[in-house]
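# Analysis of the macromolecular model
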Amino acid sequence: QNWEDGLKAAKADAESGGPNDPGRMEDTHFLGSYQWDACRKYAKLAGVYDDATENFIATNKAIYDHSGKRRKGLFPGGPDTYREDLYVRQDEKQNFDVQVAETDRVAVEAASA
């Protein structure tokens, strides 16, 4: 493949619009829930995909999902204290422990009850 073919392929990719139909240009940077399969795909292409890699990706997803739920439950324009949550990875269990930001601890504990 020559330089011109590579440039054409890059242009087509940039204009494809990402994972959402009908493929809007502004969605090319946003993978959202598609990112986990993309990570697996690239790890396999690189020849580094194994159980440890899967555990790492699955733990990332678990943390991403938890953080997203915390963020989406907040009042728009309100404090973004979820950013202060501290995560301790447990890759072998594809899980994590979280220390919720002190300012949100009571609200989270009440919501979990």
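From a predicted model like this one, the values you see are computed outputs, not experimental measurements. (Residues numbered from 1 in each chain as written. Predicted model: local features only at pLDDT ≥ 70, side-chain atom pairs only at ≥ 80, totals over all residues. Heavy atoms only, no water.)

Moving on, we get to the pattern of salt bridges. Taken as a whole and judged by the stated rule, the model has six salt bridges. Lysine 61 is the salt-bridge partner of aspartate 65, the closest N and O atoms lying 2.7 Å from each other. Remark: lysine 61 and aspartate 65 occur in helix H3 (residues 51-72); sequence separation between them is four residues, near one turn of the helix. A network of salt bridges, in which partner residues are shared, links Asp37, Arg40 and Glu54. (Salt bridge = Lys/Arg side-chain N within 4 Å of Asp/Glu carboxyl O. Helix = DSSP H or I, 4+ residues; strand = E, 2+ residues; numbered from the N terminus.)

So, on to the pairing of strand E2 (residues 95-99). Summarising the sheet, strand E1 (residues 86-90) and E2 pair through five bridges and their orientation is antiparallel. Looking at the pairing, valine 88 lines up with aspartate 97 of E2. Between the end of E1 and the start of E2, which pair antiparallel, lie four residues, with glutamine 94 showing a positive phi angle near 55°. (Pairing = 2+ DSSP bridges.)

Worth remembering: the numbers are spatial, not functional.
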